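Chain residues, written in single-letter form:
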Amino acid sequence: METHSQEISPFFGRSAVRAVFEKRLDAFRNGFRQNVGILSPPGLGKTSLARFFLRKVSGTEIIPIFIPLAESDSFHSFSRRWMSGIIAGCHQAIFPSESQSVRTCVRRLKTKIPLTIQKMGEIKKLVSHRRDEQAYRELLHLTAALHQESSQKIVVVLDDFDRLSG
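Reading the values: rules and limits
Residues numbered from 1 in each chain as written. Predicted model: local features only at pLDDT ≥ 70, side-chain atom pairs only at ≥ 80, totals over all residues. Heavy atoms only, no water. Phe/Tyr/Trp six-rings, centres within 6.5 Å; stacked < 30°, edge-to-face > 60°. Helix = DSSP H or I, 4+ residues; strand = E, 2+ residues; numbered from the N terminus. Buried < 20%, exposed > 50% of the residue type's maximum accessible area, 1.4 Å probe, protein only. Lys NZ or Arg CZ within 6 Å of the ring centre and 35° of its normal.

Trainee: I'd like a rundown of the packing of aromatic side chains, residues and numbers included.
Mentor: Per the stated rule, a full pass over the model turns up three aromatic pairs. Ring centres of Phe 75 and Phe 78 lie 5.8 Å apart, and the angle between their planes is 40°; on these two criteria the pair is classed as tilted. Placement of both Phe 75 and Phe 78 in helix H3 (residues 75-94) is noted, with a separation of three residues, approximately one turn of the helix. Their ring planes at 50° and their centres at 5.6 Å tell us that Phe 78 and Trp 82 sit as a pair that is tilted. Highlighted residues: Phe 78 and Trp 82, both in helix H3, separated by four residues, approximately one helical turn. The class for Phe 78 is buried, based on a relative accessible area of 11%. Taken together, the ring pairs in this structure connect Phe 75, Phe 78, Trp 82 and Tyr 136 into an aromatic cluster. Over the ring of Phe 66 we find Arg 51, and its NZ or CZ is 3.9 Å from the ring centre.

Written as structure tokens, this is what we have:
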């Protein structure tokens, strides 16, 4: 018996979910702000759906950013994860087939998005001085700086976004 190893879409059997994603993506491309939440018990494929969705928008006029949120993260770890997600997503959008370390990505992106990189440096200083509330506000504004510099739309996926309250 011969079997073929193929990547199975996480949308298999989920045509209603796929339709919602497609509708929201079309509206987003047409200038409407969109928020989508995927709620279900752990282990049913929310992260797989999100990553599949981001691969779908990858290589378009949209910069896809994936930010995994961890349980019981310190604010320092949270802020680093947030900025790393932006750096990785932006680097992948500009240099699609080149996987690099975060440091290398930052070095390469300094000429492409200098304002965003500068703001990240300022956020790191705020975090090191324990000015977490101000740093948090600035983290949320990073995508606006990125949009301004790149002239591209930004899609941010927060994996396990319910952990954001922590």
